[in-house]
Amino acid sequence: MSKYDVTALGELLIDFTENGTSAQGNPVLEANPGGAPCNVLSMLNRLGHKTNFIGKIGNDMFGDQLEAALKEVGIGTDGLMRDNEVHTTLAFVHTAPDGDREFSFYRNPGADMMLSEDDVDAEQIKNSTIFHFGSLSMTDEVCRKATRKAIAIAEEAGILMSYDPNLREPLWKSMDLAKEQISYGLEHCNILKISDNEIQWLTGKEDYDEGIAMVQEKYNIPLILLSLGKTGSRAYTKNCRVEVPAFIQEHTIETTGAGDTFGACILHYVLEHGWKEYSEAELTEMLTFANAAASIVTTRKGALRVMPTKEEVEAML
């Protein structure tokens, strides 16, 4: 038995989201715990799984807030490191009227970039059923080396690897570097969760199926999940392509964490049913549950601390 169902490595930061205006007419910002890997872990915890996080925060008030938030939702902090020199990373999220988001990052450097090879504990990764990672930990040399070390440990130990590129353009020195590093993740994963705009950017194909086919051919990834926002999602294996529509919510406020919630539910399905070649019916069941959970999160502010329970998702279904 693995000690952890899922260990994730990557960024843990504060998302400042708009929450009304002050008496003077200034925007009021709410400091929400954020970062895609921990959003994924938070949802997995909600679904009854044991999780662990590897990442770095600053030795400051925001670092304290983030560590407390992880403990509150039950995410293991065995791999959580502190940096005495560099502050916790901050992101400012501007939400457009249609719910889409723009990010401004205060991360030059931020503590999450300071995670080094020495900070990665091999045993934590080897003691996991699934290792999950993204591309924000590949933007700069120090954290890139740490990520690659973790990937190598997982690969050698035969751990199932899950990857969500989660492209954030402002964080890359160039989009060529982004493509090169994101491709590295594609070479080393069994499960890929990618969004509609990411697959178009990566492959230059407008048609999603053509883009996915290119990725399948080049990287031979057994299970690819494509999130399509309001349209729903698709799953692709060697022999199957399944599409399930989204659950449209009247009360959607913002899309923060929807993709992470979706991705977590995919990993939940894999943990519950074992890793295998899934049938069309199984992929449909997988996507339906994941779409429902993601739609619930869009009705809530923030992500990490407001993930739905299994009962809430089932009630929706």
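The sections below set out a description of the structure shown in this document. (Residues numbered from 1 in each chain as written. Predicted model: local features only at pLDDT ≥ 70, side-chain atom pairs only at ≥ 80, totals over all residues. Heavy atoms only, no water.)

Description of the overall build of the protein chain
Scanning the protein chain from terminus to terminus reveals ten helices and 13 strands. Computed over its C-alpha atoms, the radius of gyration of the protein chain comes to 18 Å, within 12% of the 20 Å expected for a compact globule of 317 residues. Based on the C-alpha atoms only, the size of the protein chain along its principal axes is roughly 55 × 45 × 40 Å. Taken across its 317 residues, the protein chain has 56% of its residues classed as buried. In the protein chain, 70% of the contacts between residues at least 6 apart in sequence involve partners at least 24 apart. Surface exposure of the protein chain reaches about 13700 Å², of which carbon and sulfur atoms provide 47%. (Helix = DSSP H or I, 4+ residues; strand = E, 2+ residues; numbered from the N terminus. Rg over C-alpha atoms; globule rule 2.2 N^0.38 Å. Buried < 20%, exposed > 50% of the residue type's maximum accessible area, 1.4 Å probe, protein only. Contact = heavy atoms within 4.5 Å. Areas by Shrake-Rupley, 256 points an atom, 1.4 Å probe, with all protein chains shown as cover.)

A closer look at the packing of aromatic side chains
Following the criterion strictly, the structure yields eight aromatic pairs and no others. Seen in terms of ring centroids, phenylalanine 16 and phenylalanine 62 are 5.7 Å apart; in terms of plane orientation they differ by 90 degrees. Their pairing is edge-to-face. One end of the pair, phenylalanine 16, is in strand β2 (residues 13–21); the other, phenylalanine 62, is in helix α2 (residues 61–73), with 46 residues separating them in the sequence. When its relative accessible area of 11% is taken as the criterion, phenylalanine 16 is described as buried. Assessed through its relative accessible area of 18%, phenylalanine 62 is described here as buried. Ring geometry for phenylalanine 92 versus tyrosine 106: centroids 5.0 Å apart, planes at 65 degrees, classification edge-to-face. Highlighted residues: phenylalanine 92 in strand β6 (residues 90–95) and tyrosine 106 in strand β7 (residues 101–106), separated in sequence by 14 residues. In this structure tyrosine 106 comes out as exposed when scored by relative accessible area, which is 54%. Across from the ring centre of tyrosine 184, 3.6 Å away, lies the NZ or CZ of arginine 148, which sits over that ring. Over the aromatic face of tryptophan 201 sits the side chain of lysine 179, whose NZ or CZ is 5.1 Å from the ring centroid. (Phe/Tyr/Trp six-rings, centres within 6.5 Å; stacked < 30°, edge-to-face > 60°. Lys NZ or Arg CZ within 6 Å of the ring centre and 35° of its normal.)

Quick word on the sheet that holds β6
Pairing is mixed in the open sheet, where four strands are placed in the order β3-β2-β6-β7. The sheet is open, and its two edges are formed by β3 (27–34) and β7, each paired on a single side. Sheet twist, expressed as the mean angle between neighbouring strand axes with direction ignored, is 30 degrees. Relative to β3, β2 runs antiparallel, the two being bridged by seven bridges. The residue bridging glutamate 18 from the neighbouring strand is leucine 29, located in β3. Contacts from α2 reach β2, β3 and β6, with the element oriented near 55 degrees to β3. (Pairing = 2+ DSSP bridges. Axes fitted to C-alpha atoms, helices over the stretch in contact; angles between N-to-C directions.)

Some points on the sheet that holds strand β10 (residues 191–195)
As summarised here, the arrangement of the nine strands in space is β5-β4-β1-β8-β9-β10-β11-β12-β13, forming an open sheet in which the pairing is mixed. The open sheet is flanked by β5 (76–83) and β13 (241–245), the only strands paired with a single partner. Each strand axis lies, on average, 15 degrees off the axis of its neighbour in the sheet, ignoring direction. Sheet analysis places strand β12 (residues 232–236) next to β13, joined by five bridges and oriented antiparallel. The residue of β13 that forms the bridge with serine 233 is valine 244. Helix α1 (residues 36–46) rests against β1 (4–9), β4 (51–58) and β8 (128–134) of the sheet, and its axis sits at about 145 degrees to β4.

Brief notes about helix α5 (residues 175–187)
The end-to-end C-alpha separation of α5 is 18 Å, in line with the 18 Å expected for 13 residues at 1.5 Å each. Residues of α5 that are buried: Leu177, Ala178, Gln181, Ile182, Ser183, Tyr184, Gly185 and Leu186. Against the buried residues of α5 lie β8, α4 (141–156), β9 (160–164), β10, α6 (196–203) and α7 (208–219). (Expected span 1.5 Å × (residues − 1).)

So, the side chain of lysine 193
Residue position: lysine 193 is located in strand β10. The exposure class of lysine 193 is buried, given its relative accessible area of 10%. A polar contact is formed between the side chain of lysine 193 and the side chain of serine 227, at a distance of 3.5 Å. Among residues more than four places away in sequence, those in contact with lysine 193 are Tyr163, Asp164, Pro165, Leu225, Ser227, Gly259, Phe262 and Gly263. (Polar contact = N/O pair within 3.5 Å; in protein donor to acceptor, adjacent residues only side chain to side chain.)

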